[in-house]
Amino acid sequence: MIALELNGVHGRYGLLQAVKGISLDLAEGAVLAVIGANGAGKTTLMRMIAGLHPVAEGAVSLLGEEITEMSAHERVRAGLALCPEGRRLFTDLTVRENLQIGAENGRRGDWNLASVLDALPQIAPLLDRAAGGLSGGQRQAVAIGRALITNPRVLLLDEVSLGLSPAAVDGVYQSLERLRGHMTMVIVEQDLTRAMGFAERLICLAEGALELDGAPQSLTREQITDAYFGIHKAELSHA
Amino acid sequence: MLESIIQGILLGGYYAVLAAGLSLMFGVVRFINLAHGDMAVLGAMIALWLVQVLGLGVPWAIALTLPMMAALGWLLQRFIFERSLKGGFLIPILTTIGLAAALQNGMFAAFGSDTRSLGAYIGGLSWASWQLPGNIFVGKLPVYMFATALVVLGALHLVLTRTGFGRAVRATASDPEAAALCGVDAIRVHRGAAAIAVALAGLAGIFLALRAQVTPFSGPMLLIFAFEAVVIGGIGSLRGTLLGGLALGLAQSLGGMISPQFSLLAGHCLFLVILAVRMSQGAASERGGWRAALMATVLNRAQMRRRA
């Protein structure tokens, strides 16, 4: 079954077209990595899928149901969760309260506090600490836990490794590895090696458009680099 | 002196209830309700109408007025505030200025311009007092009102910290987008917060009508007091609002010892001093309340001394 489907999705900031006609479909349980240079439209695309930014044209479907007109909180209850760039924890609240909010307002399902702590054991000793006092890696783990506890069928993770130490990034990816097979994942990642090692499918955006789509094993480093920097497009325009 | 301090603390409880609704609206909905004082007066007028026209007892009038005010808050948020918030920063301010004018003139048309009080309907409680050692007299009504204020604010604190709705309110106040990503329906939360805020305004108006008089045009002065308590205590913090109300009540009561005319002015002076400290310590005050601002001032001075 198709878990997530984008059909000619466009996104704008005023006159600036940030996302240009992206179409893709993603099977249930698949892991997709989204790469691209800064300003390529990755975060805007995630925000559009999550309902935080309006879709100017096109359609977004989740498990066969069109969700283009749904608000962000309705999409969460339909089974879509975004772990946003910058973590966006409620810093005045404790870690436990951050998780409770996801549990109380998200979709009903198998994920609860106990199962989240099983998947992310590093959160357990932090439960009664204020989220604002955590390290970057701890915040990322809590943000993933908060998204998980809403019981998503599709989990979007935006810039999961940004600003983290290599050890913290290792910890985050070990946690994500435990989720493989439980849900569909879309991960925005600047680190190409991580993205290619983790995902089964990779897409590259450049200037808001889909430049490359394929399995990491089938793509050459040169193809990815060219798509990442939009070299192919530049060559075409020169020709 | 001790009597003035006691009176100031008791008065502070009333200011805290008056300010709590304003603080909640701004902290959660990001909406400055300039009609807050007029809503307090409306609450008083509704209670007066229930007592004077329908002949209900004051407790029954209070019990009926508060849900009516909560319903009014919900409806205002649903049909007016939500729409005006979409119009940017200026439209909500203009909307509530218009609402305040409409409320004042509506109450004037409905109830006339006479001063009114609920004091006449609570028997001897209006003037009954306890005599403490040192020939200090403490009015029973202000004590009961202060106790009610503590219970109401304590209950609100419990709702905000121990219930799912409260956690959703705090999450929405902290980061509305992140709250939506957890499945929180911000619209529902905002309507709930507006209902609580307007009910609190109504309770404050009833308090005022019990211990003094109200007219349809009393609202703007109440708004100023509410703003002062909120700014002194820190926006969005219930504990800060209580402390702000107490500080304002104490300032007015102690100012009244110097001269009766200085009573209100002392409160305004305290507000201006706190505002000046907050503006000079913007970053510190963002971290939380007037205590952080004062602490930052002390730390800055200590650092300057060490450098010297």
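Relevant structure appears above.
Here, residues in each chain are numbered from 1, in the same order as that chain's written sequence. Note on labels: chains are lettered from A, ligands numbered from 1, in written order. Only residues with pLDDT of at least 70 get local features here, since the model is predicted, and only at 80 or more are side-chain atom pairs given and counted; chain-wide, interface and lining totals rely on the full set of residues. Where side-chain values are given, they derive from all heavy atoms of the structure, hydrogens and water being excluded.

(A) Quick peek at the overall build of chain A. Counting its secondary structure elements, chain A contains 9 helices and 10 strands. A compact globule built from 239 residues would reach a C-alpha radius of gyration of about 18 Å, and chain A, at 18 Å, matches this within 12%. Taken over the C-alpha atoms alone, chain A extends approximately 60 × 40 × 35 Å along its principal axes. Only protein chains enter the accessibility calculation, which uses a 1.4 Å probe; a residue whose area is less than 20% of its type maximum is buried, one above 50% is exposed, and one in between is partly exposed. By the burial criterion, 54% of the 239 residues in chain A qualify as buried. Here a residue-residue contact requires only that any non-hydrogen atoms of the pair lie within 4.5 Å. The long-range share in chain A, meaning contacts at least 24 apart out of those at least 6 apart in sequence, stands at 69%. Accessible area for chain A stands at about 9,900 Å²; split by element, carbon and sulfur atoms hold 50% of it. Each helix corresponds to a stretch of at least 4 residues labelled H or I by DSSP, and each strand to a stretch of at least 2 residues labelled E; elements are numbered beginning at the N terminus. We compute the radius of gyration over the C-alpha atoms and compare it with the globule rule, which gives 2.2 Å times the number of residues raised to the power 0.38. With residues, only the protein chains shown are counted as cover, and all accessible areas are computed by Shrake-Rupley using a 1.4 Å probe.

(B) Molecular detail of the nonpolar core. Grouped together as the largest cluster of nonpolar side chains are 82 residues, with contacts concentrated most on F90(A), Y14(B), L18(B), V28(B), M39(B), L118(B) and L210(B). Top element by residues in this core is helix α8 (residues 186-211) of chain B. It accounts for 14 residues. Once you skip the residues sitting within four places of it in the chain, L118(B) turns out to touch A47(B), L48(B), V51(B), V58(B), I206(B), A209(B) and L210(B). Counting 50 residues, the second largest nonpolar core, distinct from the first, contains L126(A), V172(A), A199(A) and A227(A). Among buried residues, those of type Ala, Val, Leu, Ile, Met, Phe, Trp, Tyr and Cys that are joined through side-chain atoms within 4.5 Å constitute a nonpolar core.

(C) Here's a closer look at the pairing of strand β4 (residues 57-62) of chain A. Residue and element names in this part refer to chain A. Two strands are counted as paired when DSSP detects at least two bridges linking them. Bridge analysis of strand β1 (residues 2-13) against β4 gives 5 bridges, and the strand direction is antiparallel. Residue L4 lies in a different strand from β4, and its bridge partner there is L62. Inspection of the sheet shows β4 paired to strand β5 (residues 65-66) by 2 bridges, in the antiparallel sense. Within the sheet, the bridge partner assigned to L62 lies in β5 and is E65.

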